[in-house]
Amino acid sequence: MEPLRMFVNGQAMSGGSLSPALSEAVFLGPASTAPRYRFYSVRDEFPGLHPVASGGRSVPGELYEVSYEILRDRLLPGEPPELELGVIELDDGSGTLSMRMRAEALGAPGVTDISDAGGWRAYIAGRTA
């Protein structure tokens with residue numbers, strides 16, 4: 001089976017609480033989305049991307065090569081219900097799988113737009129500084 005590419009931008013990045021799910025995946029390097037997304041913190045527990053027609057930002061993260069088994073058995077079971085698997089555009093114009101905010105979760109309590117924070121790690125570091 002052909003491997004898949006998966007962009008992660010929160011707890012699945014190296015050092016995050018979900019990163020063990022990607023221990024058998026191939027790290028392809030840092031990556032960023034095309035500037036077509038808003039980026040949200042959900043209760044300061046995890047982030048989520050959401051596509052927008054205008055006012056989007058580029059969001060930094062990491063790109064991995066994963067098998068269907070890693071995606072199905074290790075990564076997706078740990079994802080919160082506010083997120084769903086989708087396809088996003090990277091800054092090089094290519095597409096990749098990624099978790100995205102469900103539209104109905106955008107107005108939930110504890111959801112904050114952090115699009116200008118510089119990514120999840122920068123947001124967390126700024127919050128604790």
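This text gives an overview of the structure that appears in the document. What you are looking at is a predicted structure, and each value in this text was computed from that prediction instead of being measured.

### Re the overall build of the protein
Here comes step 1: Secondary structure summary: the protein contains two helices and eight strands in total.
Here comes step 2: Order of helices (α) and strands (β) in the protein, N terminus to C terminus: β-β-β-β-β-α-β-β-β-α.
Here comes step 3: Its C-alpha radius of gyration of 14 Å places the protein within 12% of the 14 Å reference for a compact globule of 129 residues.
Here comes step 4: Projecting the C-alpha coordinates of the protein onto the three principal axes gives extents of approximately 40 × 30 × 30 Å.

### Remarks on the environment of Ser-17
Here comes step 1: For Ser-17, the location among the structural elements is in the loop between β1 (4-8) and β2 (26-32).
Here comes step 2: The sequence separation of Ser-17 and Phe-46 amounts to 29 residues, and the corresponding C-alpha distance is 10.0 Å.

### Topic: the layout of surface pockets
Here comes step 1: Space inside the largest pocket adds up to approximately 190 Å³.
Here comes step 2: If you trace the largest pocket, you find 19 residues lining it, with Gly-10, Gln-11, Leu-18, Glu-79 and Leu-83 closest to the centre.
Here comes step 3: Looking at the lining of the largest pocket, the elements with two or more residues in it are β1, β4 (46-51) and β7 (95-101).

### What to know about the nonpolar core
Here comes step 1: Grouped together as the largest cluster of nonpolar side chains are 34 residues, with contacts concentrated most on Met-6, Leu-22 and Val-66.
Here comes step 2: When residues no more than four places from it in sequence are discounted, the contact partners of Val-66 are Pro-3, Leu-4, Met-6, Leu-22, Ala-25 and Leu-71.

### Examining the pattern of salt bridges
Here comes step 1: A full pass over the atoms with the stated rule returns ten salt bridges.
Here comes step 2: Asp-113 serves as the salt-bridge partner of Arg-38, at 3.0 Å between the closest nitrogen and oxygen. Of this pair, Arg-38 sits in strand β3 (residues 37-42) while Asp-113 sits in strand β8 (residues 111-113), and the two are 75 residues apart along the sequence.
Here comes step 3: Look at Asp-113 and you get partly exposed, because its relative accessible area is 37%.
Here comes step 4: Between Asp-73 and Arg-72 there is a salt bridge whose closest N-O contact spans 2.7 Å.
Here comes step 5: According to the relative accessible area criterion, Asp-73 is partly exposed, its value standing at 45%.
Here comes step 6: Look at the salt bridges and you will find they share partners, linking Arg-43, Glu-45 and Glu-82 into a network.

### Observations regarding the side chain of Glu-79
Here comes step 1: Summarising the element assignment, Glu-79 is placed in the loop between α1 (68-75) and β6 (83-89).
Here comes step 2: Arg-102 provides the closest opposite charge to the buried, salt-bridge-free Glu-79, at an N-O distance of 9.9 Å.
Here comes step 3: Leave out the neighbours within four places in its chain, and Glu-79 touches Leu-18 and Met-99.

### Describing unusual backbone geometry
Here comes step 1: Phi is positive for Arg-43, close to 55 degrees, though the residue is something other than glycine.
Here comes step 2: As for its position among the elements, Arg-43 is in the loop between β3 and β4.
Here comes step 3: By relative accessible area, Arg-43 is classed as partly exposed at 38%.
Here comes step 4: One non-glycine residue with positive phi stands out, namely Asp-44, at about 60 degrees.

Conventions adopted
- Residues numbered from 1 in each chain as written.
- Predicted model: local features only at pLDDT ≥ 70, side-chain atom pairs only at ≥ 80, totals over all residues.
- Heavy atoms only, no water.
- Helix = DSSP H or I, 4+ residues; strand = E, 2+ residues; numbered from the N terminus.
- Rg over C-alpha atoms; globule rule 2.2 N^0.38 Å.
- 1 Å grid on protein atoms, 1.4 Å probe; cavity = no way out; pocket = protein on both sides within 12 Å on 5 of 7 lines; lining within 4 Å.
- Points joined across faces, edges and corners; volume = space filled by probe spheres on them.
- Core = buried A, V, L, I, M, F, W, Y, C linked by side-chain atoms within 4.5 Å.
- Buried < 20%, exposed > 50% of the residue type's maximum accessible area, 1.4 Å probe, protein only.
- Contact = heavy atoms within 4.5 Å.
- Salt bridge = Lys/Arg side-chain N within 4 Å of Asp/Glu carboxyl O.
- Lys, Arg positive; Asp, Glu negative; His and termini not counted.

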